Amino acid sequence: MPNVHLTEPMQEYVQGQIRSGAYANLSEVVRAGIRLLMEKDGARQFYALKAELEAAAAAAEAGGFAEFDS
């Protein structure tokens, strides 16, 4: 596993989180940060898909579609 290099302010923040009891160690803090990034990416993908669906629905309502006959 790679080493994690943090800036001084980040190190101080992490140590504060550990001292407060919010996290037991650096690994827990890093995992929490990665989980947040993963959630944010998932939300970004959801809202992009939602916007595409809304645009498609608006186009369909405006008559911008073709009949399909299988």
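Use the structure listed above.
A short tour of the structure in this document, coming up. Worth saying up front: this structure is predicted, and the values here are computed from it rather than measured. (Residues numbered from 1 in each chain as written. Predicted model: local features only at pLDDT ≥ 70, side-chain atom pairs only at ≥ 80, totals over all residues. Heavy atoms only, no water.)

### Describing the pattern of salt bridges
Tallying each qualifying case throughout the model produces two salt bridges. For R44, the salt bridge goes to D41, with nearest N and O atoms at 2.7 Å. Of this pair, R44 and D41 both sit in helix α2 (residues 26-61), separated by three residues, roughly a single helical turn. Residues K50 and E54 are paired through a salt bridge, measuring 3.6 Å at the closest nitrogen-oxygen approach. One end of the pair, K50, and the other, E54, are both in helix α2, four residues apart, so they sit about a helical turn from each other. E54 sits in the partly exposed class, given a relative accessible area of 47%. (Salt bridge = Lys/Arg side-chain N within 4 Å of Asp/Glu carboxyl O. Helix = DSSP H or I, 4+ residues; strand = E, 2+ residues; numbered from the N terminus. Buried < 20%, exposed > 50% of the residue type's maximum accessible area, 1.4 Å probe, protein only.)

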